[in-house]
Amino acid sequence: MKVHSADIIISAVSKKQYPKSSLPEIALAGRSNVGKSSFINTLIDRKNLARTSSKPGRTQTINFYLIEELFHFVDLPGYGYAKVSKKERAKWGAMIDEYFANRKQLQAVISLIDMRHDPTEGDIQMYDFLKYYEFPVILVATKADKLAKSKKNQQIERIKDVLDFDENDTFVVFSTVTKYGKEEAWQAIETFI
Ligand SMILES: Nc1nc2c(ncn2[C@@H]2O[C@H](COP(=O)(O)OP(=O)(O)OP(=O)(O)O)[C@@H](O)[C@H]2O)c(=O)[nH]1
Ligand SMILES: [Mg+2]
């Protein structure tokens, strides 16, 4: 998809603030710093609409982006950042639960995983959660540019194995640096909007 219009609608902390719109939503979940915001920017050809940071934990609100007046990307706060307090972690959990429990517009979840490493405990929990509630998942294995070509296939198999990946879900190898996987990601998203 070639995107001409993309705007941030709101940074929400509770459901009262979610957009009053019935447009389909595609949410992005993943560890803090995995590249959720960068993924959005790459797909819509913008440098910095979704704020990115080398400091983990930057996105601590649920950010709704309206794309082509057609659907919303919903950038969820990242999990697994060590330097947050117990209280903040609980707040994160409540915010995410509130979103997943209430949002009928949600069509699919893009779950991002850092391709260089095995899935973390948080990655496994997130995937299990999404499968349990039967949300369609687009698994995006990102930072592919940082992995030697010879290691890629091996690591794809490893990630699928650790997650007990459901082959009905889509698996996309991706990089914001080379834009590898961009078309494939769009194709997967377009089946849900
Ligand atoms: N080499 C490489 N770096 C990437 C890629 N994707 C993201 N990054 C970098 O990873 C860092 C974190 O990216 P963000 O997009 O801010 O990550 P996020 O998941 O939105 O992080 P939070 O908002 O903190 O949850 C930034 O320095 C990005 O430039 C990629 O595909 N390749
Ligand atoms: Mg972010």
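Quick note: structure is the one above.
Per chain, residues are indexed from 1 in the order of the written sequence. Chains and ligands are labelled sequentially in the order written, the chains with letters from A and the ligands with numbers from 1. Two thresholds apply to this predicted model, a pLDDT of at least 70 for residue-level local features and 80 or more for giving and counting side-chain atom pairs, whereas whole-chain, interface and lining totals are computed over all residues. The side-chain values count all of the structure's non-hydrogen atoms but skip hydrogen atoms and water molecules.

**Looking at the overall build of the protein chain**
Heads up, the rule is: Only DSSP runs of H or I covering at least 4 residues are called helices, and only runs of E covering at least 2 are called strands; the numbering of each starts at the N terminus. In this treatment the radius of gyration is a C-alpha quantity, and the globule benchmark scales as 2.2 Å times the residue count to the 0.38 power.
For the protein chain, the helix and strand inventory stands at five helices and seven strands. Along the protein chain, helices and strands appear, N-terminal first, in the series β-β-α-β-β-α-β-α-β-α-β-α. Against the 2.2 N^0.38 benchmark of 16 Å for 193 residues, the protein chain shows a C-alpha radius of gyration of 16 Å, consistent with a compact globule. Based on the C-alpha atoms only, the size of the protein chain along its principal axes is roughly 45 × 40 × 30 Å.

**Looking at unusual backbone geometry**
Defined as follows: Each residue gets one of three labels from its accessible area relative to the maximum for its type: buried under 20%, exposed over 50%, partly exposed in between, using a 1.4 Å probe on protein chains only.
Phi at Asn-33 takes a positive value of approximately 80 degrees, unusual for a residue other than glycine. Owing to a relative accessible area of 31%, Asn-33 belongs among the partly exposed residues under this scheme. Positive phi values are uncommon outside glycine, yet Asp-164 reaches one of about 55 degrees. Looking at the secondary structure, you find Asp-164 in the loop between helix 4 (149-163) and strand 7 (170-173).

**Looking at the nonpolar core**
Most often, soluble globular proteins keep nonpolar side chains buried together rather than apart. The condition that has to hold: We define the nonpolar core as a collection of buried residues of types Ala, Val, Leu, Ile, Met, Phe, Trp, Tyr and Cys that are connected through side-chain atoms lying within 4.5 Å of one another. Contacts between residues were defined by any pair of non-hydrogen atoms, one from each residue, lying within 4.5 Å.
Of all hydrophobic cores here, the largest spans 33 residues; its most connected members are Ile-62, Leu-76, Tyr-99, Phe-100, Met-115, Leu-139 and Phe-171. Counting residues per element, the ones that place at least two in this core are strand 2 (25-30), strand 3 (62-67), helix 2 (86-102), strand 5 (106-114), helix 3 (121-132), strand 6 (137-142), helix 4 and strand 7. Excluding its chain neighbours within four sequence positions, the residues that come into contact with Met-115 are Ala-141, Thr-142, Ala-144, Leu-147, Lys-152, Gln-155, Ile-156, Ile-159 and Val-173. Ranked by size, the runner-up nonpolar core spans 25 residues in total, among them Ile-44, Leu-112, Ile-138 and Val-140.

**Thoughts on the pairing of strand 3**
What counts here: In this description, strands pair whenever DSSP reports at least two bridges between them.
In terms of burial, strand 3 is a largely internal element, six of the six residues being buried. Side-chain alternation along strand 3 places Ile-62, Phe-64 and Leu-66 on one buried face and Asn-63, Tyr-65 and Ile-67 on a second face that is also buried. Sheet topology note: the strand 1 (residues 6-12)/strand 3 ladder contains six bridges and is antiparallel. Paired with Asp-7 across the strands is Leu-66, a residue of strand 3. When strand 3 meets strand 4 (residues 71-75), the two strands line up antiparallel, connected through five bridges.

So, to be careful, I would describe these as geometric facts and stop short of saying anything about function.
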